[in-house]
Protein chains: 2
Amino acid sequence: MITGSNAIGNKLSKQGKLTYKTFNPKENKETEWTFYEATSTEIDEAVALAVEAFKLYKDIPGVKKAVFLKAIADEIEALGDELIDTYCKESGLPQGRAIGERGRTMGQLRSFAALLEEGSWVEAVIEKGQPQREPMPKADIRKMLVPLGPVVVFGASNFPLAFSTAGGDTASALAAGCPVIVKSHPMHSGTGELVSQAIIKAAEKTGMPYGVFSNLNSSGIAVGQQLVKHPKVKAVGFTGSISGGTALYKLANERKEPIPVFAEMGSINPVVVLPSALEENGNSWATKYASSITLGAGQFCTNPGLLLGVKSPELDAFISTLSEEILKLEPSSMLHPNIYEKYQEGKKELSAQQGVTVMADYEKAVGENTGRPAILKVDGIDFLKNTKLHKEVFGPFSVIVCCDDAAQLESVLNELEGQLTGTVLGSENDLEQYDAVVEALKNRVGRILFNGVPTGVEVCSSMVHGGPFPASTDSRFTSVGTSAIKRWVRPVSFQDWPNKFLPQALQDANPLEIVRLEEGIYTK
Amino acid sequence: MITGSNAIGNKLSKQGKLTYKTFNPKENKETEWTFYEATSTEIDEAVALAVEAFKLYKDIPGVKKAVFLKAIADEIEALGDELIDTYCKESGLPQGRAIGERGRTMGQLRSFAALLEEGSWVEAVIEKGQPQREPMPKADIRKMLVPLGPVVVFGASNFPLAFSTAGGDTASALAAGCPVIVKSHPMHSGTGELVSQAIIKAAEKTGMPYGVFSNLNSSGIAVGQQLVKHPKVKAVGFTGSISGGTALYKLANERKEPIPVFAEMGSINPVVVLPSALEENGNSWATKYASSITLGAGQFCTNPGLLLGVKSPELDAFISTLSEEILKLEPSSMLHPNIYEKYQEGKKELSAQQGVTVMADYEKAVGENTGRPAILKVDGIDFLKNTKLHKEVFGPFSVIVCCDDAAQLESVLNELEGQLTGTVLGSENDLEQYDAVVEALKNRVGRILFNGVPTGVEVCSSMVHGGPFPASTDSRFTSVGTSAIKRWVRPVSFQDWPNKFLPQALQDANPLEIVRLEEGIYTK
């Protein structure tokens, strides 16, 4: 049941006077629930509980944390239709998407549980002492990853489940051994409360320390700011806009003790369309990209917002087909009136830029808050002169850049900001012939694809969902896949530490049976 | 031969008008050489060359980069006595230290060469496609670490070889595939020029791209600032003071595209002396710590600047012995008059704090710029009230905190800033009895030692030389040991990329024969 309360540890709490409501964009009206913003006292209480919980939680064996994560997945499933209905009401997204995203969320939790059960993720390295070494004896030194401390996770607007309350950030931080305080996203606080109840139930059932998880409501920025500035908070996870992510990143760097902020801030995900792709499969790629651009009303970080090619009759034909195909698809409701408004503004702004031609803009009647797909076209020379055209327009929207030649295409890519993904459509011959273009693209992205669409991010250990700034604030980490756990840990060396007082991962007998680097050799 | 020039790529260059000299602290006079500060144009030229070099260098196979690194070590050795003499003149450090540090520097280069020859450091992960998977096919996804781009390295005052021109930062960045621009340390620019000549000779002999390395002189902060702000520079390595490191970190975060700054900013390296250590080996620990505190005139980042214990007659005896022993050791010259002056000021400031007793301060006649060792004592209650006492006094100096009980000791540790190291002296019984104290210490450090001294940092793969802020700006990385290479890379995923166009590390046949995580299993 949705109460509108915060969860401070396992306790429901609504001490504040500020309230807000979530919104059903499809019906264009507020939902029935009233949410209570967390007060300054409630925030401090949640952090204090997390600090206490950390002392115990960090040392709970991985296999027990795995039981906790799996229990969260089970409890989310047990929420049944109430969760799916709330999700749909608060997001305007269809039921199929809700069920799919719930599956992804449970899958993520279970994949981190599997990672903990296997155990090698702590990167244990062992180099024993050599007391006889000349001219100096060598100490026994062993290292492994240990958790940072309490982590703050900001819910994302566009993934009410998979990147929010029990999403990838929370799952990876809990897996790492860090208590989590969620700053619930104001657009889906009801969904968030249900999921937080599932987490708390799972924590109680599996004997996790009180305060290992808290969930705080807020409609503005004050709660998030107080959390990021709190001296006892040790890291932050965020998925959202460049302005939001950059603001938190700055705040965290201005602290007396700066802390890492892992902000995944979206991207325009350049797609380079090379000649063979146009000659051999132009129509088929146009159809696939019409779908990819409009998937989920274009509200994905990996939405292809920029297509690039060298001018040719085939490129023109591709643009025409894409523009026709995208108008055949039924537009859908966006997540919130605010997001819809921003989409409208962004589309208008980019359409008005020098040299831009609007190739498609859905004109038929649509429901409330529905994002009308659009395709814009611009010459390479105009794109190079105008960085406004690099801007992400969050929605079913893409700009096609028509370059004079490969050199101009390379220049355009070199001028782009960091991106989550980059895609090359073409043949293997193209890869050879356009080597410099491909290298320029590779240098700007966290994931590079050949002959595919960037939407659809597989949750696996080889995934990089991140990239050079501003795709993310730290290109050395990913927010999707099991490696996401590495954001919440740091290495510690133990020198000449007595064997029985070492963490199990570093003990001589390798009781956890994990893969370790021992004297330079990977061994189990 | 020392020319006083900058090295812009392989070319000697002294276009500027600003000059400066290095200083022989032992003889208290300037050295014979004149150094030319890099101009703004020279800086831009060095970066432009690094950008071009990166395009080629990043793809040079690891085994060839290893040849380059080993050649640097050989060329440093070939500098012979000129290097050792210059080192001693510019640092005031004895010849034995110079030879030892040269060995360490060559050893570091060779250990990164071995890492590249082995090759598994790129963390290759392979998850093949599953076209038949339901409900959605799974793409082929593979990831590995790739270099960030041009790196700026700041030479450190206290390690003219091992943490400067061809030190750990340079060696690890070159190993990662990043061109390096060194901002030479103004206290030992002659040593720096000789080493930079060795690097350039090695680059030429082994066919490395022009501009893979440059060396820039400067006596002030302008050259370093311009380098850190340069949009084409992708990361920074620094070892030095908290004020210097923090300033660079801020500068890098204020860029349009923020970049990582790995600043290792020193530490007071707390040592917790538990009862058994005092009862059983009090005198022996006092003697060892007198040596550790004064080693290299106390000019090590891992110098034990803070000792802590619970009040007892044995602790008093330990303090007395330590204070006596430290006065028996011959004081030595500090690196530079500026460092000597700062040491004098710091010692004076801390000695004047409320509740502080000076237990030892060397009073006999000493040479110029010689750091007189000192031991201070203060009660836990006074230490808790006064964060000035947390300050690192760079030199042969330590403060001993006498706590009322274990709880106060724990409080003191909890209030400390992040540290490179923490040490526990005691028995295994003490570890059990003082569990909370040990946990508090562990939570604040990058390396924890049992019954040892923190000075002496082994170069190996299990070493963590780093720690929570302000010990370093990024506790997730180390600046010593082979893992230091991880600072200069980021992961990239390749999705459905044709096998023959993949980097060798990710190709099906595993031509490099490296350890990879394939479908969740570590395999070769």
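Residues numbered from 1 in each chain as written. Chains lettered and ligands numbered in written order. Predicted model: local features only at pLDDT ≥ 70, side-chain atom pairs only at ≥ 80, totals over all residues.

A. Representation of the overall build of chain A. In terms of regular secondary structure, chain A is built from 15 helices and 23 strands. Relative to a compact globule of 524 residues, whose C-alpha radius of gyration would be 24 Å, chain A shows 25 Å and is just as compact. Projected onto its principal axes, the C-alpha positions of chain A cover 75 × 65 × 40 Å. Put simply, chain A has 524 residues, and 59% of those count as buried. A fraction of 76% describes how many contacts in chain A between residues 6 or more apart in sequence connect residues 24 or more apart. (Helix = DSSP H or I, 4+ residues; strand = E, 2+ residues; numbered from the N terminus. Rg over C-alpha atoms; globule rule 2.2 N^0.38 Å. Buried ≥ 20, exposed ≤ 12 C-beta atoms within 10 Å, placed from the backbone. Contact = placed C-beta atoms within 7 Å.)

B. Representation of the interface of chain B and chain A. Contact residues are listed per partner, giving 45 residues for chain B and 45 residues for chain A. Elements represented by at least two residues in the side of chain B that touches chain A include exactly strand 7 (125-127), strand 8 (141-147), helix 14 (428-433), strand 20 (445-450) and strand 21 (489-495) of chain B. Examining the composition of the side of chain B that touches chain A, we find that 6 residues originate from one element, strand 21 of chain B, more than from any other. Looking at the side of chain B that touches chain A, its residues break down into 22 nonpolar, 11 polar and 12 charged. Examined bridge by bridge, strand 21 (residues 489-495) of chain A and strand 20 of chain B share 3 bridges and lie parallel to one another. Looking at the pairing, Ser 493 of chain A lines up with Arg 447 of chain B of strand 20 of chain B. (Nonpolar A, V, L, I, M, F, W, Y, C, P; charged D, E, K, R; others polar. Pairing = 2+ DSSP bridges.)

C. Expanded view of the sheet that holds strand 19 (residues 419-425) of chain A. The sheet built from 12 strands is open, its strands ordered 16(A)-17(A)-18(A)-15(A)-14(A)-19(A)-20(A)-21(B)-8(B)-7(B)-22(B)-23(B) with mixed pairing. A single partner strand is all that each edge strand has here, and the edge strands are strand 16 (357-361) of chain A together with strand 23 (521-523) of chain B. Averaged over all neighbouring strand pairs, the angle between strand axes comes to 20°, with direction disregarded. In terms of strand pairing, strand 7 of chain B meets strand 22 (residues 516-518) of chain B through 2 bridges, oriented parallel. Bridged to Ile 126 of chain B within strand 22 of chain B is Glu 518 of chain B. In this fold helix 11 (residues 337-351) of chain A packs onto strand 16, strand 17 (374-379) and strand 18 (397-403) of chain A, with an angle of close to 30° to the strand it touches most, strand 17 of chain A. (Axes fitted to C-alpha atoms, helices over the stretch in contact; angles between N-to-C directions.)

D. Layout of the packing of helix 2 (residues 62-78) of chain B against helix 4 (residues 95-118) of chain B. Residue and element names in this part refer to chain B. Closest axis-to-axis distance for the helix 2/helix 4 pair is 8 Å, and the angle between their directions is 170°. If you check the angle between helix 2 and helix 4, you find them roughly antiparallel. In this structure, helix 2 meets helix 4 at a crossing whose hand is left-handed. Of the residues in helix 4, those touching helix 2 at Gly 62, Val 63, Lys 65, Ala 66, Leu 69, Lys 70, Ile 72, Ala 73, Ile 76 and Glu 77 are Arg 102, Thr 105, Met 106, Leu 109, Arg 110, Phe 112, Ala 113, Leu 116 and Glu 117. Within the contact of helix 2 with helix 4, the residues separate by chemical class into 11 nonpolar, 2 polar and 6 charged. (Parallel < 35°, antiparallel > 145°, perpendicular 65-115°, else oblique. Left-handed = near helix turned anticlockwise from the far one by under 90°.)

E. Expanded view of the sheet that holds strand 7 (residues 125-127) of chain A. Read across the open sheet, the 12 strands follow the order 23(A)-22(A)-7(A)-8(A)-21(A)-20(B)-19(B)-14(B)-15(B)-18(B)-17(B)-16(B); overall the sheet is mixed. Of all strands in the sheet, those bounded by a partner on one side alone are strand 23 (521-523) of chain A together with strand 16 (357-361) of chain B. Pairwise comparison of adjacent strand axes, ignoring direction, gives a mean angle of 20° for this sheet. Judged from the 4 bridges that link them, strand 14 (residues 270-273) of chain B and strand 15 (residues 306-310) of chain B form a sheet pairing that is parallel.

F. A look at the pairing of strand 14 of chain B. Where burial is concerned, the two faces of strand 14 of chain B agree: the one with Pro 270 and Val 272 of chain B and the one with Val 271 and Val 273 of chain B are both buried. Read as a crossover between parallel neighbours, the route from strand 14 of chain B over helix 9 (residues 275-294) of chain B to strand 15 of chain B is right-handed. (Right-handed = clockwise from strand over helix to strand, strands pointing away.)

G. Representation of the relation of the copies chain B and chain A. Taken as rigid bodies, chain B and chain A are interconverted by a rotation of 180° and an axial shift of 0.0 Å, the fit giving an RMSD of 0.0 Å. Such a combination of rotation and displacement between the chain copies is what one expects of a two-fold axis. Within chain B, the C-alpha atom positioned nearest to the axis of rotation is that of Asn 253 of chain B, 3.8 Å from it. The overlap is high: 100% of the interface residues of chain B also sit at the interface in chain A, so the same surface is used on both sides. (Least-squares fit on C-alpha atoms with pLDDT ≥ 70 in both.)

H. Quick look at helix 4 of chain B. Residues and elements named next belong to chain B. Taking 1.5 Å of rise per residue, the 24 residues of helix 4 would be expected to cover 34 Å, and the 34 Å separating its terminal C-alpha atoms lies within 8% of that figure. Those residues of helix 4 that sit buried are Ala 98, Glu 101, Arg 102, Thr 105, Met 106, Gln 108, Leu 109, Phe 112, Ala 113, Leu 115 and Leu 116. Looking at the packing, one finds that the buried side of helix 4 touches helix 2, helix 3 (80-91) and helix 5 (168-176). Note on helix 4: the residue one or two positions beyond its end, Gly 119, has a positive phi of about 90°. (Expected span 1.5 Å × (residues − 1).)

I. Here's a closer look at the pairing of strand 21 of chain A. Residue and element names in this part refer to chain A. Here strand 21 lies mainly inside the structure; 7 of its 7 residues are buried. Neither face of strand 21 is exposed, since Val 489, Pro 491, Ser 493 and Gln 495 on one face and Arg 490, Val 492 and Phe 494 on the opposite face are all buried. Of the pairings in the sheet, the one linking strand 8 (residues 141-147) to strand 21 comprises 7 bridges and is antiparallel in character. Across the sheet, residue Ile 141 finds its bridge partner in strand 21, namely Gln 495.

J. Main features of the nonpolar core. If you look at the biggest cluster of nonpolar residues, it comprises 335 residues, and the most contacted ones within it are Leu 69 and Ile 72 of chain A together with Leu 69 and Ile 72 of chain B. Beyond its immediate sequence surroundings of up to four residues, Ile 72 of chain A is in contact with Leu 109, Ala 166, Ala 198, Ile 199 and Ala 202 of chain A. (Core = buried A, V, L, I, M, F, W, Y, C linked by C-beta atoms within 7 Å.)

K. Here's a closer look at unusual backbone geometry. All names here are of chain A. Of note, the bond from Glu 134 into Pro 135 is cis; its omega dihedral lies within 30 degrees of zero at 0°. Relative to the elements of secondary structure, Pro 135 occurs in the loop between strand 7 and strand 8. At Asn 369, a position not held by glycine, the phi torsion is positive, near 55°. With respect to the helices, strands and loops of the structure, Asn 369 is situated in the loop between strand 16 and strand 17. Even without glycine at this site, Asp 496 takes up a positive phi of about 55°. Mapped onto the secondary structure, Asp 496 falls in the loop between strand 21 and strand 22 (516-518). Accessibility expressed as a C-beta count within 10 Å gives 15 for Asp 496, which makes it partly exposed.

L. Layout of the environment of Pro 275 of chain B. Residue and element names in this part refer to chain B. On the secondary structure map, Pro 275 appears in helix 9. Look at Pro 275 and you get buried, because 21 C-beta atoms sit within 10 Å. Pro 275 sits 224 residues away from Val 51 along the chain, and the two C-alpha atoms are 57 Å apart. Aside from chain neighbours lying at most four places away, what touches Pro 275 is Ser 312, Gly 426 and Asp 430.

M. Local environment of helix 1 (residues 40-57) of chain B. Residue and element names in this part refer to chain B. Over its 18 residues, helix 1 extends 25 Å from the first C-alpha to the last, a length consistent with the 26 Å expected when each residue adds 1.5 Å. Glu 42, Ile 43, Glu 45, Ala 46, Val 47, Leu 49, Ala 50, Ala 53, Phe 54 and Tyr 57 are the residues of helix 1 that are buried. Of the surrounding secondary structure, the elements contacted by the buried residues of helix 1 are strand 1 (6-8), strand 2 (11-13), strand 10 (180-183), strand 11 (213-216) and helix 7 (222-229).

N. Geometry of the environment of Ala 78 of chain A. Structurally, Ala 78 of chain A can be placed in helix 2 (residues 62-78). For the pair formed by Ala 78 of chain A and Ala 198 of chain A, sequence separation is 120 residues and the distance between their alpha carbons is 8.3 Å.

O. Layout of the confidence of the model for chain A. Averaged over all residues, the pLDDT of chain A equals 97, while 100% of them reach at least 70. Overall fold confidence (pTM) sits at 0.97, and the ipTM for the predicted complex is 0.96. (pLDDT = per-residue confidence, 0-100.)

P. Fine view of the packing of helix 4 of chain B against helix 5 of chain B. Residue and element names in this part refer to chain B. Axis separation between helix 4 and helix 5 bottoms out at 9 Å; the angle between their running directions is 20°. In terms of axis orientation, helix 4 runs roughly parallel to helix 5. The handedness of the crossing between helix 4 and helix 5 is right-handed. Where helix 4 approaches helix 5, its residues Gln 108, Leu 109, Phe 112, Leu 115 and Leu 116 are matched on the opposing element by Gly 168, Ala 171, Ser 172 and Ala 175.

Q. Molecular detail of the environment of Tyr 362 of chain A. All names here are of chain A. Within the secondary structure, Tyr 362 is located in the loop between strand 16 and strand 17. Overall, the presence of 19 C-beta atoms within 10 Å leaves Tyr 362 in the partly exposed class. Between the alpha carbons of Tyr 362 and Ile 2 there is a distance of 38 Å; along the sequence they are 360 residues apart. Setting aside residues no more than four positions away along its own chain, Tyr 362 makes contact with Leu 327, Pro 331, Arg 372 and Pro 373.

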